[in-house]
Amino acid sequence: MNESNSRLWLAIRFFDLPLTALSFTGQSFTELSLTSRPLTTSNLDGDTDKPQVVIQKKRVIFANSLAQQAGVQPGMDITTAQLLSGCEVLPRDETKEQSVLHALSEQCYQFSPYIERYSSEALAQSGLLLEISTCLKLFGGIHALCEKIITQLAQTPYGFNYGLAHSAPAAWYLSFADYAINGTESKALFIERLNALPIALLGDYPKAVEALRKTGFNTLGDIATQINAKSISSFKKRLGAEFTDLLCDIYAIDQNFQQAALFETPRNNYRPVEWFAAEIQFEYPVTLVAQLEPAIESLLQQLSTYLRKRQQQCQSIEWRIADIYHHQELIQVHSDEPQSHWQLLYDLSLIQFNNKALPFEVDTLKLVCEQAMPLQQRSQVLDFEQRRRKSTLQDFTVTIAKLKARLGDGAVYKLGYRDSRVPEITNAILALAEKCNQQLPDVHLKSLRPTWLLTTPELIEQRHERLYWHGYLTPLVGPERVIGDWWQKPVARDYFLAQRQDHLPVWIFFDLYNKQWYVHGVFA
Amino acid sequence: MNEISPETPSTASLEQLLLRDDMWMGHSQRFTTRAAVETGYEQLNASLLNRGWPLGSLVEVCQQGMQGEWQLFTPALLALPGLVVLVNPPAAPFSQAFIQAGIDLERLVVVAAAGKKHFISCFIELCRASVGAVLAWQPQETMSYTELRKCQLAAAEGTGLSVVFRPVAMQQQSSPATLRLYARLASSGLEITVFKQKGHLQTQQAKPIVLPLPAQWKAATPHAALMQKSAGAKTDSKPQPLASVIPLRGKT
């Protein structure tokens, strides 16, 4: 028994995905399908009132029915398409297409565990390939299962064609021909249907298709006849191994092996997105944060176990507290470093909870962690100096995280140097994770610089023809002329070190534009 | 019950009290920390116990606004490992000056903790974590003895340098800090008066220690002198020809 013969693939090709995916909002797809068609926007299925085309690299890759009626063809340039139909031009968004395919896979997961995505570069078409041979019994046969899948997908706003065949690429290519599924199909029938397909469908291999066309091949059937008459090796020589592999996949031809079943290509198990959510319901209304603590700890321990089992870590978690009247409150906890242990998250959560008093009597406490990342993705800086400067920011992650939880992210920062002539622009405020520039050019390195810089320069009064800022000032060293930033807000200043009556050295400047004196810093 | 003399429990409790770590018996240095970091100034080292800034204890500096605090602490900060955390600094630290001074900016962290409640909790958190050095400027509200004591206890739990800057008026109030200083800029330099030091009994009025200020801060030549010098120079030197003139020779 050759098991690969018993495989059955259903290809679902979303032909208008480039256009329809543009209106994908990213909301949960189950919500979308529940509400079914009413959510669909006007530009779907090509039945809008105006012609629309989707372009990529300045070429039309998809035209809706109105645009096609006006004569727009995929592959045209924008100008021609616009001249022909006066259409609306939309750029392609491949990430959105992938998110739609992801959402659709989630939906198809109820029918089969083997789901693959397929995207054709040349035709700008993508779709899903489902292996359904193992699910037939559960759903009552080919016809019933396909009917269910099609009904389910018909509720989504995406137009699609389907094809059924014995191999994944064969199913994909058969989706271009419109055959109804009646449940009695056999491999022989699939091959017969495939034979009728034009070779233009193999557009992802333009060179091979061109070569075949020149030698007089027009349909896949011509190729099949040739393979049967001679052998596959002649194709391999002329058109390359990759293309031959595709042909073998389409017709399920064993190339080398006597015992094909041993070397069967494995099917990919689809893995749906997982997230962590757990909740605790209290037997009595909770009014104090202290009473929540054991529950918080227990939920975080559950999260920790969940993450450890999956070799994952997370950076942010969400607490949802609710009372019996369905009032809800959301508390988000974020840590700079990804965590897989609960202790730091516990401390950070407590700070967040203590910062705001409970708004109501809490009945349920829920912990949700939607974003988790694999442990392997953690990267470490290759830093040979680390051993020397032993204690740095990384060692105080917990302390810093606690401070941030208390004061907010913006309240904890570090400084860096930014290249400029204007002093206040050179002082860069950076997040702790960023690397700061400490390369000071000679012009700044050799000049007098105060330790404190006033955020905005303070105007100096002139009393009795002397400079006065909380005391009389005497300029001692200077001037140092600073000119710069002429392209934005021109700056021209003469900086001096001045001494105040009480011997405090201050950094003052004379603004050459508005002829005023200012204090800009203090030497301390 | 009445037979027990009232003295017995009171003497016992006094002894117990004296055994406590946080009790200070004048000159006794039994309970003071030994760990210290060099101040970078010989005169100052000499007047401090253990010849340096005490680590793991609260240092209080009373001063009017900004008075040479970086001059005072930069040598110690360069010697200490770990982070330098500024809590509530009175202005923005100027990165160029710190690069000039040789302080690694990666080590310098600024924490803006508005309000006394947040200030104290941040200070405690940082001191306990022994981040390296914590330089904190007291917020607008005055801090009570109890609050300062919380800070002192947190500092004692850590091993870093913990400094709190307070206004001059606070000098008159009692404080649990291990070391209390008064800093003031004078014409001769930075005057530091140590007016309290745990484990050191002051018998007479403390004399201020004068620390030198960087030479660049002083005017090289006063303006008036500059004028005189240039005037003198003019009279002394002979006017020189600006450039030698070579007559062009035309073709004959």
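Structure shown above.
Overview of the structure.

What counts and how
Residues numbered from 1 in each chain as written. Chains lettered and ligands numbered in written order. Predicted model: local features only at pLDDT ≥ 70, side-chain atom pairs only at ≥ 80, totals over all residues. Helix = DSSP H or I, 4+ residues; strand = E, 2+ residues; numbered from the N terminus. Buried ≥ 20, exposed ≤ 12 C-beta atoms within 10 Å, placed from the backbone. Contact = placed C-beta atoms within 7 Å. Pairing = 2+ DSSP bridges. Arc of directions from axis to C-beta. Nonpolar A, V, L, I, M, F, W, Y, C, P; charged D, E, K, R; others polar. Axes fitted to C-alpha atoms, helices over the stretch in contact; angles between N-to-C directions. Parallel < 35°, antiparallel > 145°, perpendicular 65-115°, else oblique. Left-handed = near helix turned anticlockwise from the far one by under 90°.

So, the overall build of chain B
And then number 1: Along its length, chain B carries seven helices and eleven strands.
And then number 2: Burial statistics for chain B: of 252 residues in total, 37% are counted as buried.
And then number 3: Across chain B, every contact between residues at least 6 apart in sequence was considered, and the portion connecting residues at least 24 apart equals 69%.

Quick look at the overall build of chain A
And then number 1: Within chain A, the secondary structure is distributed over 18 helices and 21 strands.
And then number 2: Looking at chain A residue by residue over its 524 residues, the buried ones come to 31%.
And then number 3: Counting only contacts in chain A whose residues sit at least 6 apart along the sequence, the fraction spanning at least 24 positions is 58%.

Regarding the sheet that holds strand β18 (residues 472–484) of chain A
And then number 1: Spatial strand order, β16(A)-β17(A)-β18(A)-β19(A)-β20(A)-β21(A)-β15(A)-β5(B): eight strands in an open sheet with antiparallel pairing. Either end of the sheet is taken by a strand with one partner, and the two such strands are β16 (461–463) of chain A together with β5 (92–93) of chain B.
And then number 2: Pairing between strand β19 (residues 491–500) of chain A and strand β20 (residues 505–511) of chain A: seven bridges, direction antiparallel. Residue F496(A) lies in a different strand from β20(A), and its bridge partner there is I508(A).

Here's the deal with helix α10 (residues 206–214) of chain A
Residues and elements named next belong to chain A.
And then number 1: For α10, the full list of buried residues reads A208, V209 and L212. End-on, the buried residues of α10 take up no more than an arc of 100°, which puts them together on one face. Within α10, the exposed residues directed more than 90 degrees away from the buried face are P206, K207, E210 and K214.
And then number 2: At its buried positions, α10 is contacted by α12 (233–239) and α13 (241–251).
And then number 3: Just past α10, the residue G216 takes up positive phi, approximately 95°.

Points about the interface of chain A and chain B
And then number 1: Contact residues are listed per partner, giving 44 residues for chain A and 43 residues for chain B.
And then number 2: When contributions to the side of chain A that touches chain B are tallied by element, the ones reaching two or more residues are α16 (397–407), β13 (412–417), α18 (442–445), β15 (452–459), β18 and β21 (516–522) of chain A.
And then number 3: Partitioned by chemical class, the residues of the side of chain A that touches chain B number 26 nonpolar, twelve polar and six charged.

Concerning the pairing of strand β3 (residues 58–63) of chain B
Residue and element names in this part refer to chain B.
And then number 1: Burial analysis of β3 places six of its six residues in the buried class, which makes it a mostly covered element.
And then number 2: The sheet contact formed by β3 and strand β8 (residues 161–166) spans five bridges and is parallel. Each residue of the ladder has a partner; that of C62, found in β8, is R166.

Section: the packing of helix α5 (residues 116–128) of chain B against helix α6 (residues 145–157) of chain B
Residue and element names in this part refer to chain B.
And then number 1: Where α5 contacts α6, the two axes come as close as 7 Å, and the packing angle between them is 15°. Comparing the axis directions of α5 and α6 gives the class roughly parallel. Once α5 is placed against α6, the crossing between them reads as right-handed. Taken together, the residues of α6 that come into contact with α5 (itself represented by I120, F123, I124, C127 and R128) are E147, K150, C151, A154, A155 and E157.
And then number 2: Across the contact of α5 with α6, the residue classes break down as seven nonpolar, no polar and four charged.

Things to note about the pairing of strand β7 (residues 161–165) of chain A
All names here are of chain A.
And then number 1: For β7, the tally of buried residues reaches four of five residues, placing the bulk of the element in the interior.
And then number 2: Two strands pair when backbone bridges link them, and strand β1 (residues 9–14) and β7 are joined in this way by five bridges, in the antiparallel orientation. Counted as the bridge partner of A11 is G163 from β7.

Re the sheet that holds strand β2 (residues 52–56) of chain A
All names here are of chain A.
And then number 1: The three strands are arranged β3-β2-β4 in an open sheet whose pairing can be described as mixed. Either end of the sheet is taken by a strand with one partner, and the two such strands are β3 (59–63) and β4 (88–91). Averaged over all adjacent pairs, the angle separating strand axes in this sheet is 40°, with direction ignored.
And then number 2: The pairing of β2 with β4 spans four bridges and is classified as parallel. Directly across from V53, in β4, lies its bridge partner V89.

Notes on unusual backbone geometry
Residues and elements named next belong to chain A.
And then number 1: Although it is not a glycine, K57 sits at a positive phi angle of roughly 50°.
And then number 2: Position of K57 relative to the elements: it lies in the loop between β2 and β3.
And then number 3: Even without glycine at this site, A124 takes up a positive phi of about 55°.
And then number 4: Tracing the chain through its elements places A124 in the loop between β5 (115–120) and β6 (125–131).
And then number 5: Residue A124 is classed as buried on the basis of its 22 C-beta neighbours within 10 Å.

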